Amino acid sequence: MVRCGRMLTFEIIESEPAGHARHGRLVTPHGEIRTPAFMPIGTRATVKGVWPDQVRDSGADILLANTYHLGQRPGAELVAELGGLHRFMGWDRPILTDSGGYQVFSLAELNRITDEGVTFRSHLDGQYIHLDPRSSMRIQNQLGADIIMAFDQCPPGQSDRAVAGQAVERTVRWAEQCRRHHQRSDQALFGIVQGGVYHDLRRTCAERLIELDFPGYAVGGLSVGEPYAQMVAVLRELVPSLPANRPRYLMGVGKPCDILAAVRAGIDMFDCVLPTRNGRNACAFTATGTMKLRNERYRRQDEPLEGGCPCPACQKFSRAYIRHLFLAHEMLGPMLVSVHNLWFFQRFMQRLRDLIPQGDWATMLAEFPVAQEPLANESLTGEATE
């Protein structure tokens, strides 16, 4: 077990015999995280439509919350006054907060970026807000998550080399400033590697961040519009060069096929809105693919969403009933499918952890065909084929 900062330890329990995948344990002040880990999204201090106990029962060890949104409403000062984010949202397990850097990309129409930071026009009231490394650290320190992220610039997936290079320079400069302004020893600050789809820019960014000796390293700026094959190529080139004794986090990536490819490259942590966003839109994840429940074919189907799934939705309710809930605009429908999807993702991660010691990807793909859909033009070894 390696101590990554004062309050974070990381241990690799088992590794793939002839590859990069690893199963580990990340220990934080609020408990242990089994890796590879999938983090459900609690943007505004809630996983939409789901009670914290239901998220916990799904097997989730850690949640993600959003600095930009919580900094605006209700405000980090109020969260701190009321005992910190864990107490505020009724979640006693680990939490990770992003830095607000992703909003530089996702809210591009509302912001202006300079070397000093980002000025936003609030999506709530139109007021101008400035976010920079100092304010991002202040907000995250007040929120009190176990793992916090350095402020970075995430360029669009199709950015040209000049734009990606400028984002790398700002990301590294801002990471240095975040180190200086970070005030709490009980929070682990991770650096974020940017560089678009340019392998040399990614390597440069990683090397400069490694010199700053962060407790963990994230890969940002992927799954933001670039082709799937480019994302995988970046991961295979970059991830093995990150410190082996530190946790590695791929930000905002969560389709089963993406997770499988990233785990094989050596990634330990993931987050994505897909389980609950798809759940609210009547789309259920299953091992064989996604199920669009508004479809007429499910009108009379009395079986559960997925046979053998132990989630509460599958144990008690039929496809026909859940379809009815959506067509009747009853809120229970989105809640049930969100719960099922959360359970699905945690089952998927547990099976990955089980199979990593053997590197048995053929079994993984046989049990979860949904994970091989975008890999139709690649072999099981990951080599591209014509």
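Up top is the structure these notes are about.
So, how was this worked out
Residues numbered from 1 in each chain as written. Predicted model: local features only at pLDDT ≥ 70, side-chain atom pairs only at ≥ 80, totals over all residues. Heavy atoms only, no water. Pairing = 2+ DSSP bridges. Helix = DSSP H or I, 4+ residues; strand = E, 2+ residues; numbered from the N terminus. Axes fitted to C-alpha atoms, helices over the stretch in contact; angles between N-to-C directions. Contact = heavy atoms within 4.5 Å. Expected span 1.5 Å × (residues − 1). Buried < 20%, exposed > 50% of the residue type's maximum accessible area, 1.4 Å probe, protein only. Arc of directions from axis to C-beta. Patch = residues over 30% accessible without salt bridge, like charges linked within 9 Å, V, L, I, M, F, W, Y side chains within 5 Å. Areas by Shrake-Rupley, 256 points an atom, 1.4 Å probe, with all protein chains shown as cover. Salt bridge = Lys/Arg side-chain N within 4 Å of Asp/Glu carboxyl O. Lys, Arg positive; Asp, Glu negative; His and termini not counted. Charge placed at Lys NZ, Arg CZ, Asp CG, Glu CD. Core = buried A, V, L, I, M, F, W, Y, C linked by side-chain atoms within 4.5 Å.

Enquirer: Tell me about the sheet that holds strand β10 (residues 128-131), residues and numbers included.
Expert: Within the open sheet, the three strands sit side by side as β8-β9-β10. Their pairing is antiparallel. A strand with exactly one partner marks an edge of an open sheet, and here the two such strands are β8 (111-114) and β10. Direction aside, neighbouring strands of the sheet carry axes that sit 15° apart on average. Bridge count between strand β9 (residues 117-121) and β10: four bridges; the pairing is antiparallel. Paired with Phe120 across the strands is Ile129, a residue of β10. Contacting β8 and β9, helix α7 (residues 161-181) runs over the sheet at an angle of about 80° to β8.

Enquirer: Can you break down the pairing of strand β17 (residues 289-292) residue by residue, with the values?
Expert: Relative to β17, strand β16 (residues 283-286) is paired through four bridges, and the arrangement is antiparallel. Each bridged residue has a counterpart across the sheet, and for Cys283 the counterpart in β17 is Lys292. What sits between the antiparallel neighbours β16 and β17 is a turn of two residues.

Enquirer: If you had to explain helix α8 (residues 199-211) to someone new, which residues and values would you point to?
Expert: Taking 1.5 Å of rise per residue, the 13 residues of α8 would be expected to cover 18 Å, and the 19 Å separating its terminal C-alpha atoms lies within 8% of that figure. Within α8 the residues assigned to the buried category are Leu201, Arg202, Cys205, Ala206 and Leu209. With its buried residues spanning 130° around the axis, α8 presents them on a single face. Of the exposed residues in α8, the ones pointing more than 90 degrees away from its buried face are Glu207 and Glu211. Looking at the buried side of α8, the elements it contacts are α7, β12 (188-193), β13 (216-219) and α9 (228-238). Positioned one or two residues after α8, Asp213 has a phi angle of 60°, which is positive.

Enquirer: Quick one: what's the story with a positive patch on the surface, residue by residue and with numbers?
Expert: Taken together, Arg44, Lys48, Arg73, Arg277 and Arg280 make up a surface patch of like positive charges. Relative to the helices and strands, Lys48 is located in the loop between β5 (37-40) and α1 (52-57). Owing to a relative accessible area of 36%, Lys48 belongs among the partly exposed residues under this scheme.

Enquirer: Which residues make up the nonpolar core, and what values do they have?
Expert: Residues Leu85, Leu235, Leu250, Ile259, Phe270, Leu293 and Leu352 are the most contacted members of the largest nonpolar core, which totals 98 residues. The element that contributes the greatest number of residues to this core is helix α14 (residues 332-355), accounting for 11 residues. When neighbours within four sequence positions are excluded, Ile259 is seen to be in contact with Phe38, Val253, Gly254, Phe270, Phe345, Phe348, Met349 and Leu352.

Enquirer: Give a description of the sheet that holds strand β2 (residues 9-15) that names residues and reports values.
Expert: Read from one edge to the other, the open sheet built from four strands follows the order β1-β2-β3-β4, with strand pairing classed as antiparallel. Since the sheet does not close on itself, it has two edges, and those belong to β1 (2-3) and β4 (31-35), each with one partner. Pairing analysis gives five bridges linking strand β3 (residues 22-28) to β4, with the strands arranged antiparallel. Among the inter-strand pairings, Leu26 is bridged to a residue of β4, identified as Ile33.

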